[in-house]
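This is what each chain is made of:
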Amino acid sequence: MSVEFHALEVTAVIPETADCTSFELAAPPALADAYRYAAGQHLTFKLPWNGFEVSRCYSIASCPDLGETLKIAVKRVDGGRVSNWMNDTLEVGDRLMASVPEGRFVLDPETRASTPVFFFAGGSGITPIISLLKSALVTTRRSITMLYANRNADSVIYRDELDRLHAKHSDRFELHQHFDSDSGYLDPARVRSLLHHEDVAEFYICGPEPFMELVERALHRSGVHEELIYIERFVSPTDPDRADEVDVAARSLPAPESFSLWLGGRSRTVPYIEGRTLLQCAQAAGLNPPHSCESGFCGSCMSAVKTGAVHMRKHEALSDRDVARGVALLCQSVPASSEPLELDADSTSFRAASAVKSSHSRAWSRLAAVAVFACMLAGTLVLRLVH
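As the structure is a computational prediction, the values presented were derived from the model and not from experiment.

Visitor: Sorry if this is basic, but what is going on with the overall build of the protein chain here?
Guide: Scanning the protein chain from terminus to terminus reveals nine helices and 18 strands. For the protein chain, the exposed surface amounts to about 18,600 Å²; the carbon and sulfur share of it is 52%.

Visitor: In this structure, what is going on with the sheet that holds strand β1 (residues 5-17)? I would like to understand it.
Guide: Sheets are built from strands that pair by backbone hydrogen bonding, the pairs being arranged parallel or antiparallel. Reading across from one edge, β4-β3-β6-β1-β2-β5 is the order of the six strands in this open sheet, with antiparallel pairing throughout. Every other strand in the sheet has two partners, leaving β4 (52-59) and β5 (71-75) as the edge strands with one partner each. Strand after strand, the sheet turns through a mean of 40° between neighbouring axes, direction not considered. Judged from the five bridges that link them, strand β2 (residues 20-26) and β5 form a sheet pairing that is antiparallel. The partner of Cys20 across the bridge, within β5, is Lys75.

Visitor: Honestly, the sheet that holds strand β7 (residues 117-122) in this entry has me stumped. Any pointers?
Guide: Read from one edge to the other, the open sheet built from five strands follows the order β9-β8-β7-β10-β11, with strand pairing classed as parallel. Unpaired on one side and paired on the other, β9 (173-179) and β11 (229-232) mark the two borders of the sheet. Between one strand and the next, the sheet's axes are offset by a mean angle of 15°, whatever the strand orientation. Pairing between strand β8 (residues 144-150) and β9: seven bridges, direction parallel.

Visitor: Explain the pairing of strand β13 (residues 266-271) to me, please; I cannot follow it from the model alone.
Guide: Two strands pair when backbone bridges link them, and strand β12 (residues 258-263) and β13 are joined in this way by six bridges, in the antiparallel orientation. Of the residues in β13, the one forming a bridge with Ser260 is Thr269. Linking β12 back to β13 in an antiparallel pair, the connection comprises two residues, with Gly264 at a positive phi of about 65°.

Visitor: Even after reading the chapter, I still don't get the packing of aromatic side chains, so can you show me in this structure?
Guide: Within a pair of aromatic rings, the relevant descriptors are the distance that separates the centres and the angle that separates the planes. Counting across every chain of the model gives six aromatic pairs. For the ring pair Phe105 and Tyr204, a centre distance of 5.5 Å and an interplane angle of 70° mean the geometry is edge-to-face. Separated by 99 residues along the polypeptide, Phe105 in the loop between β6 (95-99) and β7 and Tyr204 in strand β10 (residues 202-206) bring together distant segments of the chain. The pair Phe105 / Tyr204 is uniform in exposure class, with both members buried. Ring plane angle 10° and centroid distance 6.5 Å describe the contact between Phe118 and Phe120, whose orientation is recorded as stacked.

Visitor: Could you clarify how one ought to interpret unusual backbone geometry in this entry?
Guide: It is generally the case that most residues other than glycine have a negative phi and that most peptide bonds are trans. Unlike most non-glycine residues, Tyr158 shows phi in positive territory, near 65°. On the secondary structure map, Tyr158 appears in the loop between β8 and α3 (159-168). Unlike most non-glycine residues, His197 shows phi in positive territory, near 50°. Note that His197 resides in the loop between α5 (188-193) and β10.

Each value, and the rule that gives it
- Residues numbered from 1 in each chain as written.
- Predicted model: local features only at pLDDT ≥ 70, side-chain atom pairs only at ≥ 80, totals over all residues.
- Heavy atoms only, no water.
- Helix = DSSP H or I, 4+ residues; strand = E, 2+ residues; numbered from the N terminus.
- Areas by Shrake-Rupley, 256 points an atom, 1.4 Å probe, with all protein chains shown as cover.
- Pairing = 2+ DSSP bridges.
- Axes fitted to C-alpha atoms, helices over the stretch in contact; angles between N-to-C directions.
- Phe/Tyr/Trp six-rings, centres within 6.5 Å; stacked < 30°, edge-to-face > 60°.
- Buried < 20%, exposed > 50% of the residue type's maximum accessible area, 1.4 Å probe, protein only.

These figures come from the coordinates and say nothing about function on their own.
See the structure below:
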């Protein structure tokens, strides 16, 4: 099954900075349910371009919990085809082909209300972060710390909105701005200076790759477990006219006849079809793992390789740390050996903390139940001895 795309109408064009514009979008009334979203999710856009099609992902900046109009922000990229075209050309009334909302860079609904949350945003990485921030403020009582890094004060996207949120929720929302023009580049010491409750807090990161690597490294060196760190990575795909030749090396790799895929809490056996990606094989078998761009740049189809080996044609959405710990993109992966291959689409960095904490919660619940039963049994025995 492929991702659904529909035409959305541009209902507002809002300049944010000299090189960033927000666009409010409206889906047809009949598709209102299809475009319900969670804070932190994104849309994939497909646009015709000189005889071929290009695609880009943009995070949603609005907050569903506040009933806000669906909104994205697009920052210009030097030489970027789509970002510059959207900033220069889009007007109210124009229509864009957009996927239904997807992504797992979302707040964990099972997190306790007392658990602190940290948001780290760099540049246009504020887009999903501000959506998560507003959701956390309106649906929880969690203490929130945010660090937002930019080149200078004029580069701050959503500055007025952030100031209003900080003023309204100053009792539990700390906002720290970092400007390279004033303080130099962000360093790990600055990140570490903000931390507290490192053993239980949750950490959300989005921004340029060097920024995210610096923050993630600082968190790890401060003792934060990687399962408490959520990272959103977006890399623009290679357009068809700029793509390299097809990866012929993958065609000669040995492969098993089938592979196992954990999806929705169940293990499924999927026949491997030569020349197809693991995502395509799963779809041919009637399964629908999380995915969006199918180009290796949004990270929605991240899965954990449990046994066996895969070859990824490209993996721009993954860090070296992701690859080292066995994370693969289903849309770019083919088997790399004839050994049994098992992947887990339920276990990725987007929701690892949720999975771990859920399993811990279930374990503690079972232990609590056993303890209660033991106490009741002991009480009964005592009463019998007394009588």
